[in-house]
Amino acid sequence: IKRHGGKELMHIADIAAETWRRKKNDISNPGGYLQSLCSKPVIPSWYQSPDKRKAKAQATEDMRLATRKAHEEKKAVEEKEKQAREAYWTSISETDREKYHCAAKESMNPGFEVPSVAIAAIARSLAWESRTQMNTKGYLSP
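As a starting point, this report considers the structure included with it. Please read these numbers as outputs of a predicted model, since none were measured by experiment. Here the residue index of a chain counts from 1 through its sequence in written order. Where totals are concerned, whole chains, interfaces and linings use all residues; where local detail is concerned, this predicted model gives features only for residues with pLDDT of at least 70, and gives and counts side-chain atom pairs only at 80 or more. For the side-chain quantities, the full set of heavy atoms in the structure was used; hydrogens and water were omitted.

Here the focus is the overall build of the protein chain. Comment: elements are numbered from the N terminus, with helices defined as DSSP H or I runs of at least four residues and strands as E runs of at least two. Helix and strand counts for the protein chain stand at five helices and zero strands. Counting helices and strands in the order they occur from the N terminus, the protein chain gives α-α-α-α-α. Note on method: radius of gyration uses C-alpha positions; expected globular size equals 2.2 Å times residues raised to 0.38. What you see for the protein chain is a C-alpha radius of gyration of 33 Å, clearly larger than the 14 Å of a compact globule of 142 residues, by over 25%. Taken over the C-alpha atoms alone, the protein chain extends approximately 90 × 40 × 20 Å along its principal axes. By residue count, 14% of the 142 residues in the protein chain fall in the buried class. Methods summary: accessible areas were calculated by the Shrake-Rupley approach with a probe of 1.4 Å, and residue burial reflects only the protein chains presented. Accessible surface computed for the protein chain: about 11400 Å², of which carbon and sulfur atoms make up 56%. With a 1.4 Å probe rolled over the protein chains alone, any residue whose accessible area is under 20% of its type maximum counts as buried; one over 50% counts as exposed, and the rest are partly exposed.

And the structure:
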């Protein structure tokens, strides 16, 4: 510190630490190593100051949080739509449900055996799409 000053020594020590993190070389004489770096400082082209590294880490964390929040919001919207679909399916009459089941069966390739679960899912989807189309044409009130 007396020879080079505290600020310069901290800067060189940071460069040395970042270099060590990248290369993982053993330093047998850390004091001498720092002394030689302070005497003839060589700043690698890849080196970033602690402030820049901190800002970069913060930006990465902000992006991660924003992505996570967007994913959670998307899941919430999907869950709401799933609940709305289920509520609509339970609100229609048994006769209408059977019509959608028949339509789902007819939409399948006759050569394939489709599980009843798949047909039920397709029927629900057809009902929801039908409801949405009717709503956009003004048939259903909001």
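There is more to say after this.
This paragraph deals with the side chain of Arg97. With respect to the secondary-structure elements, Arg97 resides in helix H4 (residues 94-107). Reaching out from Arg97, the side chain makes a polar contact with the backbone oxygen of Ile92 at a distance of 3.5 Å. Contacts were defined at the residue level, with two residues in contact if any of their heavy atoms lie within 4.5 Å. If we ignore the near neighbours within four places in the chain, the residues touching Arg97 are Trp89, Thr90 and Ile92. In the analysis that follows, any N or O atom pair within 3.5 Å is treated as a polar contact, provided that within protein one partner can donate a hydrogen and the other can accept it, and provided that, for residues neighboring in sequence, both atoms belong to side chains.

In this section: the packing of helix H1 (residues 6-23) against helix H2 (residues 30-39). Two quantities define a packed helix pair, namely the angle between the axes and the distance from one axis to the other. Between H1 and H2, the shortest axis-to-axis distance is 10 Å and the interhelical angle comes to 115 degrees. Between H1 and H2, the angle falls in the class roughly perpendicular. Considering how the two elements wind past one another, H1 and H2 form a crossing that is right-handed. Touching Leu9, Ile12, Ala13, Ala16 and Thr19 of H1 are Tyr33, Leu34, Leu37 and Cys38, all from H2. The residue makeup of the contact of H1 with H2, split by class, is eight nonpolar, one polar and no charged. Here the axes come from fitting lines to C-alpha atoms, over the contacting stretch only for helices, and the angles between their N-to-C directions go from 0 to 180 degrees. Angles are sorted into four bins: roughly parallel if under 35 degrees, roughly antiparallel if over 145, roughly perpendicular if 65 to 115, and oblique for all others. Left-handed describes a crossing whose near helix is turned anticlockwise from the far helix by less than a right angle; the clockwise case is right-handed. In this classification, Asp, Glu, Lys and Arg are treated as charged, Ala, Val, Leu, Ile, Met, Phe, Trp, Tyr, Cys and Pro as nonpolar, and every other residue, Gly included, as polar.

Moving on to the packing of aromatic side chains. Note on aromatic pairs: each is described by the distance of the centres and the angle between the planes. Planes of paired rings set the category: under 30 degrees apart is stacked, over 60 is edge-to-face and the rest tilted, where pairs are Phe, Tyr or Trp rings (Trp by its six-membered ring) whose centres lie within 6.5 Å. What the rule picks out here adds up to one aromatic pair. Ring centres of Tyr88 and Trp128 lie 6.3 Å apart, and the angle between their planes is 75 degrees; on these two criteria the pair is classed as edge-to-face. With Tyr88 in helix H3 (residues 50-91) and Trp128 in helix H5 (residues 116-136), the pair connects residues that are 40 residues apart, well separated along the chain. In terms of burial, Tyr88 and Trp128 fall into one category: buried. Look at NZ for Lys and CZ for Arg. If either is within 6 Å of the ring centre and within 35 degrees of the ring normal, a charge sits over the ring. Sitting over the face of the ring of Trp46, Arg22 holds its NZ or CZ atom 4.0 Å from the ring centroid. Above the ring of Trp20, the side-chain terminus of Lys24 is found at 5.3 Å from the ring centroid.

Turning next to H1. One less than the number of residues in a helix, times 1.5 Å, gives the span that helix is expected to have. With 18 residues, H1 extends 25 Å between its outermost C-alpha atoms, agreeing within 8% with the 26 Å of an ideal straight helix rising 1.5 Å per residue. For H1, every residue scored as buried is listed here: Ile12, Asp14, Ile15, Ala16, Glu18 and Thr19. Remark: Lys24 follows H1 within two positions and exhibits a positive phi of approximately 60 degrees.

It is worth spelling out the pattern of salt bridges at this point. Basic side-chain nitrogens of Lys or Arg form a salt bridge, by our definition, when they fall within 4 Å of a carboxyl oxygen of Asp or Glu. Scanning all chains against the criterion turns up nine salt bridges. For Glu86, the salt bridge goes to Arg124, with nearest N and O atoms at 2.3 Å. Taken together, the positions of Glu86 in helix H3 and Arg124 in helix H5 put the pair 38 residues apart, joining distant regions of the chain. The salt bridge partner of Asp96 is Lys99, with a shortest N-O separation of 3.9 Å. Taken together, the residues Asp96 and Lys99, both in helix H4 and three residues apart, mark about one turn of the helix. Its relative accessible area of 30% is what places Asp96 among the partly exposed residues. A relative accessible area of 53% places Lys99 in the exposed class.

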